Structure formats: C-alpha cells, structure tokens
Amino acid sequence: MESTFVTRCAVFTVLPGLGLTMCTRRLLQFPIRPWAWRAAFLNCIQCGHRGAWRWTHSRGSAYKAMIFDMGGVLIPSPGTVAAEWEVQNRIPSGTVLKALVRGGESGPWMRFMRGETTREDFLQEFGNCCSEMVRDPETAVQELETLLGFPLRPGVRNTRPVRKTMEIPKGPLEKYLKDVLGTQSTAGPLELLQFDHGQSNPTYYIRLHGHQLVLRKKPPGTLLPSAHAIEREFRVMKALASAGVPVPKVLDLCEDSSVIGTPFYLMEYCPGHVYKDPSLPGLEPNQRRAIYTAMNRVLCKIHSVDPQAAGLEDYGKRGDYIARQVQTWTRQYRASETSTIAAMERLTEWLPQHLPRQQRTTVVHGDFRLDNLLFHPEKPEVLAVLDWELSTLGDPLADVAYSCLAHYLPSSFPMLRGFSDQDLTQLGIPAAGEYLEMYCLHMGIPAVENWNFYLAFSLFRVAAILQGVYKRALTGQASSASAEDSGKLTEFMANLAWDFAIKEGFRVFKEMPATRPLTRSHHTWAGPQPPLSRTGTRSYSSAAGAASGALIFSPEGLSPAVRELYERLAQFMQQHVYPAEPELQRHQASADRWSPHPLVEDLKEKAKAEGLWNLFLPLETDPEKKYGAGLTNVEYAHLCELMGSSLPAPEIFNCSAPDTGNMELLVRYGSEDQKARWLLPLLQGKARSCFAMTEPQVASSDATNIEASIREEGGCYVINGHKWWITGILDPRCQLCVFMGKTDPHAPRHRQQSVLLVPMDTPGVKVIRPLTVYGLEDAPGGHGEVRFENVRVPKENVVLGPGRGFEVAQGRLGPGRIHHCMRLIGFSERALALMKTRVKSRVAFGKPLVEQGTILADIAQSRVEIEQARLLVLKAAHLMDVMGNKAAALDIAMIKLVAPSMASRVIDRAIQAFGAAGLSNDYPLAQFFAWARALRFADGPDEVHRRTVARMELKRHA
C-alpha cells in the first residue's frame, strides 16, 4: 500500500476527475507505514495554517480527505470510505466533496475547520447544501465520522497534547468535574488538552459530557512567594463580570491540592480568536486598527470599574503601586537570578529614585497585551480578557505602557513578539503615542509626561518575569515548551528598559521646572579667617529637586538630610580644617615631612565621630549604604567642591584619591575575601593605597600600551615592570598597591590586561625615588617611581579575573571622574576669595588694586568661568545619576577639558594679584596651580579628551 509523508501543513483530497487539494507550500513525499490519521487531522487544525489553496487533477477513481501537519505526519493511502458512504445512502457521487468545498476559503467547511463557526451552524449549512439528497444531516455526518474514524468537529485553537511535565491525573479530575457539573453520566471519556499559550500558570481545555471547560492551575513544585495566585484570578474575574467587563465565566475554585496536585479553578470555555502575532498578519489595515482600538477601549473599561462597588476595595493597597511593584519584581528577580546582568543592576537602583509623584488607583490587569484577549471571530470585539494572575489595585498607566511593549520589540523576539521592525503606517496599527492619546482622550485624563518611565518599568518587569521563566525551565516547572529560550532574552529586555530610563533622564533634565528664584551662597576662606560670601541668584524649585530627579544647582536645593550634612561639613572646615592649614604646611617643609602629621590623624577621628566620613561612595555602587553615606553624584559634587577648597581636607574625611578609586574598585569588583582584607582597613582609615599603571617607557594615556608583565607560575602570578607617578606609594601607611599589567599579550587588545592586589610588603616592590610636581613633593604620600622585580602574589589576588584589567580600570574611575573636577572648582573659589581679599588691602599707583580696571576684569572673568565650569560638572554628575556613566561619556570628557584649564586660569589671575607672594608656600595658590596643571595629565591628557568630544560630536550629527 502506497502512503505519503509530508513536511508542511496541507489538506489533500484525491478526487476522480477533479484532483488534489493541497497547500502551496513545499512538500516532500516518501513511502511510509499507514497510521496516525486522527493525529494528523487534529494537528492540522492546531497549526491553523491559512495559506493559498489550488486544485490539480489526479488519476484514480477513489477519494478520501487527507490532512498533514506542520511537522510531518504519517497517513494511510487513498481509500473508498466516502464513496462507499455515498453508495450506501444512495447519494450522487461527489456530494460530500461539493458540500465541503462550497464557498472555498469562506465556505462553511473551511470556516468550520478554522474554528470560526459552531458545529450546529456547519450542520445547518451542510444540510442546506445537501437538502435534496440528505434527509438528516446530523445522522449523515455521524455515519461519516464513524467511517472516517475521527469526528468532524473543529479543533481547539492554541492547544496541544499535555506536556509530559504538566500531566494531571484524569481520574480524580473527572470525579471532581462530575460533582461540579451535577452529572454522573459515563458516556464519553474526558478529553484533556493543554493550551500552548502563556508562560506562568498551566491552562487546560476540557471536554466532558458535552461541556467545554477551561482549567487553570498553579505550576508544580516549589514556587516563589506570592506568585501564581490563581485564587486572586478567580476572585477578580467573578467581580468584574458583574461590573460589565468581558471575562470568562468562572465556575468553581478548588484549593484542595489532593485532586490534581495543586489548587485550580474552572471556567467556561469561550470560543473565539486569540491573536498571537501582534502585527496581525492576514488582516487589512483598517481591520488591524479596529482590533487595537477595541483593545484600547476594553482597557479603559477595566480602569473605569469602581473597586468599591465591585467588592474589590481590599484587592490591593492604595498608593505607592509602582514603588511596591519595583520592590516585588526586584525580589522575584533576585530569587530567580542565575547570573549578574548589568542593566538589571542599574535598573534596580534607578527605578526607586524616579518614581512618579502622582498615581491614580484603579483595577489593573498587570499583564494586559493583545494575546491575552479573546476576540470575536468575525468582528473586532473583545469577548474575554484572559490571564488575571498579576491583577491588583494600582496605577493604570502601567497597564497602558505594558500593552504597548510590542511597539518596541522586534518581530523576531521569540516569546513576546513585536513589530518595531515593521512599518506601522502600512500595517494600519496605531503608533504607541497615538495609542496613548486614544486612551487619555477616552479616560478624560491629561497627557502623560513620564511615559518613558512607565516603559522602562514595564520592560524591567518583563525581564524579571523572563528570568523566572528561565529558572523554572531549569527545574522543569515552566508551563511553556519555549521557556528555556528566555534565559538569553532577559538581558536583551533589561538593556531595552535601560534605554527608556535614559530617555526619561533626558526628559527630566530638559524639562526642569523654573519657579521661584533661590539664593546660593559660596563660602570661601582666606586662610583661618571668617568666611567671605558671594551671592548670586538661581531659578530653581528648591529642595524637592533631589527627589524629583532634577539637576541641583545649589546646596540649598539639596534634600534636608544632605543639606544638613553639607552645613555640618562647612562648619567642620571652618572650625578645624582651615585653622590647621598653617601647621600642616610647615610640616610639609620639615625633615619629618614623610611621616603623617598627628594632627591629621586627630582630625580624622573627629570627622569620623561627626559622621563626615566616606562620603564619596555613590548610591549606585552602595545602594544599601553599607560602606558610605549613599549620596548621589550630584549631592556629593556639592560636598566635594567644599572639601576641594583646602588641600588636606579630602584626606581628613577619607575622600582623597587614589584611595577613593581603589575602595570603589573593591566594592564593585572585589571578592568577599579581598574586601575583608583590604576594603575594610581602607574604609576605616587604618591603611592607604596606590594605583600602579603609568609607565616611563610608553604613552600611558593609552592604557593598552602598558608593558609590565604578569605571568602565571604555579599557584602564583609573577610581576615584573617599571612604573612611575604612583601617587601615595611613599606614604608609610600605604599597604596596598593596585597593579595593572599584561597577562596575555596575544589576546584581543582590551583583554590583555589584568589587575592584581599587591601587598606593599611583598618582596620585589622597590621604590626608587620620589618625583616632584613643579618642585613640590606632596609629602607624605608623594609620587613615586618604583620597580616590580619578580613580585609573587597569590592567584586569588586577581580582581574579577584574568583579562578583565581594562574593564576594572574603567569601572574604577566611576564617580571619581567628577571628583577632581569638583575639587578644582573648590580650588578656584578659594583662589578667587583670596584674590578679592588681597586686592582690597593693597595699593599701587595711588589707588587700591580693586579699583584697577585689569583687576576688575580678572575678577569678572574668573566668576564667569567658575560658574560655567560648575554648571557643566553638575550636569555631568546629574547625567551619571539618571543615565549612567557610559551615557554621560561626552559630558565627562568635556569637564575633563574645562575644569583643569579653568582652574589654572583663575588661580593664575589670583597669583598675579598677589605678586611674588603668590609664588610662595605662604598661600595655597602655588600648590593649587601645580595640582590644576598636573590634572591635565592625571585625568587623561587634554588631547585624548578633545579627541573623544570631537568623535562623539561628529557621530551625533552624522
């Protein structure tokens, strides 16, 4: 007997003189064994293929319908079943065929096969077609079903045989169903299929004794807290049905796990169409628009329900919905985390800091998207909203944003398909902005300003869900067969969420409110003297700026807690730091200069006791405030400027380089053992450190040029290299050298380097000499030239891993990128204050210097340049807070260019006003100037920053 194997979905009908019905897709045919007819039929219906059909002639005198599924199904050869039936019933040959093919794609049979019409409607139309030849269509179809060996009824869309890991016991279930349905009939077995849609709660189709039901249950195994709450789904659907929201009719909730292994609930099966592809292929543009309009309207209907009237007033907490959701999904993500995803780490820090200030409270679906809606098969009408697992009382805009995610996802996205790569105008689908406007208009609410926040939040939530699906797939608990694919999709979704967080950051920055004017006072001192003040005006909205994410121009704009910290710091500077400067300056010129002055250690203890300690660690690095004050970059920038007005101040508050960068490196990348050995002593001020990268033989402005070698030998790394300008290495308290060298010269350019933690007492570390900056030694830390000769360190001293050195070095910069710039503004403010004091007290050519035109011009120019630089630095700090260091790269490069050069000019004018005294160490001006000039190298040469700015500018306007 000849049979056929086919690899694509098709329907064949071999007919005498008429031919072969077939799908136009490519087919492959092989002789095979004749079986699996019924399976082939059911799978074809499940496939739901709606291609173009054509007719070809074939030979032979018998015919029989043959259905092939997408994956290849074995079927028997053509027989004479239908022909025999026609002979038995004395019906003209070809009657069945004519009835089935009548109307083509729009005929009763094809609509019946697609699930678009009921069995009763089909039988009526079939009977009308055969009315002259068939007296009883129902009996005729039953006889034909018996002969064919399978029922002529439509398959259940989007179902498949129950997955092995999702099987449920039929016996107890059937007994339970009989009790619920009130029937004890034994006619017909229980038919059970699994819906292939959804990623969370397994959902099943049931047919029993003429009843069609849907069963939805919790997944098997141990579940995350509060997840898969099918009890809440049952409650909300029951309540919303009474409020006029289209939902399936729920029948019963079973919380007894002994029945099928987990709690579940039952609802009536609602025939209809679920659009799994949001681009709606096969529809006309006006039909697509109508579908999305209906989707928008039903969402408005949900959000218009009065929770109290519906009996849902206690269905969730009122207010702070987004904050609670961020916490919930962060916990869910952490509970299912399998690896570190950088974008998720940034989002978990960014979202709580940018929450919407005003939120409405309505019933929210929580997972509202097109494929959770059941549509009427012939018109754009939502018959039922499905999958209420995540519903609660909350901010309705979260639902709106979530329903627009398809606008931002590509059509190739495997688990949540979108259409971002398609032409919406051609499709006829409303753009996301138009969809949002449609919603706002129908709900009677104003336009949404922080739309990008809601998109960032929605994508973050999807990323957390995908991570949970992936974790369940690893343990065999996932409902969907494609769940394992979600592992690699979480990072994609998180990166997309961060893109919208960046856009929201830009929106906040560009739309900062300008309300009442606010005064800013800059306090500067000329040595241990009473403060001098400068007053200017700002248009800014006060201390709410920090909470709202707006740029804080002034200390007065800081939050009350940070403002109080700023004032305590200013008071400490005035009472303790400035008066100590003369003594510390004398010590720097003494024979004991390479030993720390006891006064510094005493002031450190005072600062620590007053809570003015480790202020530098940013909130993004230390969100739990485990190590520092938890300030944002903008907040710390204001404090950092204040500390910058005195050379010894940063060390007194444990906020001085290079320790700050090294501590942040350990917080970000250090292992727990590395933190215990090195981070804690540095945070406590019991040790100091240095960073060894710059080399005399190469241009170290390009870190990939470094030549110092790190080779593996046994259980150690052996270091050999020549370094110089290693700040702090001469300090007797320096116990740690963070060393950068090459572990693999043949690796890709940015994977050759590694960073090692080298104890300073390791044999082979040889300090050759101190180096001076314009003749200044900067004792006791200094800047050393040092050789590393066969220095052996354990392998566990590598940071992050071999080949990760360039990454670590870049990450080490972190907020340190702006610290020097803010300190330089502190230098400049102090220099200008000293200059103003000086010119008021000196007379030349018959009148005070302050009345000389050139002096007045210098003061004015200095004020303008300081203000310009400060604003640019604060902008960079703000962008780092709202967008991340990478996104703020252009502004960071610009402040590296602007701040040192500005400080050099301002300080130089002050020196000029002082005359020869300005060149001495009687005033801090000479050291300020030396540091300002040196920082044009220390933070990267000007040429590198110009190159960066120019390239980014050209790229931006290409």
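Cut-offs and rules
- Residues numbered from 1 in each chain as written.
- Predicted model: local features only at pLDDT ≥ 70, side-chain atom pairs only at ≥ 80, totals over all residues.
- Heavy atoms only, no water.
- Helix = DSSP H or I, 4+ residues; strand = E, 2+ residues; numbered from the N terminus.
- Buried < 20%, exposed > 50% of the residue type's maximum accessible area, 1.4 Å probe, protein only.
- Contact = heavy atoms within 4.5 Å.
- Areas by Shrake-Rupley, 256 points an atom, 1.4 Å probe, with all protein chains shown as cover.
- Phe/Tyr/Trp six-rings, centres within 6.5 Å; stacked < 30°, edge-to-face > 60°.
- Lys NZ or Arg CZ within 6 Å of the ring centre and 35° of its normal.
- Pairing = 2+ DSSP bridges.
- Disulfide = S-S within 2.5 Å.
- Axes fitted to C-alpha atoms, helices over the stretch in contact; angles between N-to-C directions.
- Salt bridge = Lys/Arg side-chain N within 4 Å of Asp/Glu carboxyl O.
- Expected span 1.5 Å × (residues − 1).
- Polar contact = N/O pair within 3.5 Å; in protein donor to acceptor, adjacent residues only side chain to side chain.

A. Up close: the overall build of the protein chain. The helix and strand inventory of the protein chain stands at 29 helices and 27 strands. Split into buried and exposed, the 958 residues of the protein chain put 56% on the buried side. Excluding contacts between residues fewer than 6 apart, the proportion of contacts in the protein chain whose partners are at least 24 apart in sequence is 72%. Accessible area for the protein chain stands at about 41600 Å²; split by element, carbon and sulfur atoms hold 52% of it.

B. Just the packing of aromatic side chains, in detail. Here the structure, examined in full by the defined rule, presents 16 aromatic pairs. Between tyrosine 408 and phenylalanine 500, the aromatic rings sit 4.9 Å apart at their centres with planes inclined by 80°, giving edge-to-face as the arrangement. Remark: phenylalanine 500 occurs in helix H16 (residues 489-510) and tyrosine 408 occurs in the loop between helix H12 (396-403) and helix H13 (424-427); sequence separation between them is 92 residues. Classification of phenylalanine 500 as buried rests on a relative accessible area of 4%. Among the aromatic side chains, those forming a connected cluster through ring pairs are Trp350, Phe453, Tyr454 and Trp498. We note lysine 723 situated over the ring of phenylalanine 739; from NZ or CZ to the ring centre the distance is 4.9 Å.

C. Molecular detail of unusual backbone geometry. Residue alanine 657 is joined to proline 658 through a cis peptide bond whose omega torsion reads 0°. Mapping proline 658 onto the fold places it in the loop between helix H21 (649-652) and helix H22 (659-669). Put simply, alanine 779 and proline 780 share a cis peptide bond, and its omega is 5°. Backbone geometry places leucine 280, a non-glycine residue, at a positive phi of 50°. Residue leucine 280 is classed as buried on the basis of its relative accessible area of 1%. Even without being glycine, tryptophan 725 reaches a positive phi, approximately 55°. Summarising the element assignment, tryptophan 725 is placed in strand S21 (residues 716-727). Here tryptophan 725 falls in the partly exposed class, since its relative accessible area comes to 35%.

D. A look at the pairing of strand S15 (residues 382-385). Relative to S15, strand S14 (residues 373-375) runs antiparallel, the two sharing 3 bridges. Looking across to S15, one finds that phenylalanine 375 is bridged to valine 382. Between S14 and S15, which pair antiparallel in sequence order, lie 6 residues.

E. Region of the structure containing the state of the cysteines. Applying the stated criterion to the full structure yields 0 disulfides. Of all cysteine sulfurs in the structure, the one in cysteine 440 sits closest to cysteine 300, which takes part in no disulfide; the separation is 8.8 Å.

F. Structural view of the sheet that holds strand S7 (residues 159-160). Taken together, 6 strands build an open sheet; the order of strands is S7-S8-S9-S10-S12-S11 and the sheet is antiparallel. Strands with a single pairing partner mark the edges of an open sheet, and in this sheet they are S7 and strand S11 (250-254). Sheet analysis places S11 next to strand S12 (residues 264-268), joined by 4 bridges and oriented antiparallel. Pairing of leucine 253 across the sheet is with tyrosine 265, part of S12. The sheet strands contacting helix H7 (residues 170-181) are strand S8 (191-195), strand S9 (203-208), strand S10 (211-217), S11 and S12, and the helix crosses S12 at an angle near 55°. On the sheet, helix H8 (residues 230-242) packs against S10, S11 and S12 and is oriented at approximately 155° with respect to S11.

G. The pattern of salt bridges, seen in detail. Within the structure shown, the criterion is met by 49 salt bridges. Glutamate 651 is paired through a salt bridge with arginine 733; the nearest N and O atoms lie 3.0 Å apart. Note that glutamate 651 is positioned in helix H21 and arginine 733 in the loop between S21 and strand S22 (734-742), a separation of 82 residues in sequence. No difference in accessibility class separates glutamate 651 from arginine 733, as the two residues are buried. Several salt bridges share partner residues, and in doing so they unite Glu601, Lys604, Glu651, Asp659, Arg688, Asp731 and Arg733 into one network.

H. Fine view of helix H28 (residues 925-938). Counted at 1.5 Å a residue, the expected span for H28 with its 14 residues is 20 Å, and the 19 Å between its end C-alpha atoms agrees. Those residues of H28 that sit buried are Leu925, Ala926, Gln927, Phe928, Ala930, Ala932 and Leu935. Glycine 940, located one to two residues past H28, shows a positive phi value of around 100°.

I. Geometry of the side chain of aspartate 387. With respect to the helices and strands, aspartate 387 occurs in the loop between S15 and strand S16 (392-394). Since its relative accessible area comes to 16%, aspartate 387 is described here as buried. A distance of 2.4 Å separates the side chain of aspartate 387 from the side chain of arginine 216, its partner in a polar contact. Discounting chain neighbours no more than four positions away, the residues touching aspartate 387 are Arg216, Glu233, His365, Asp367 and Asn372.

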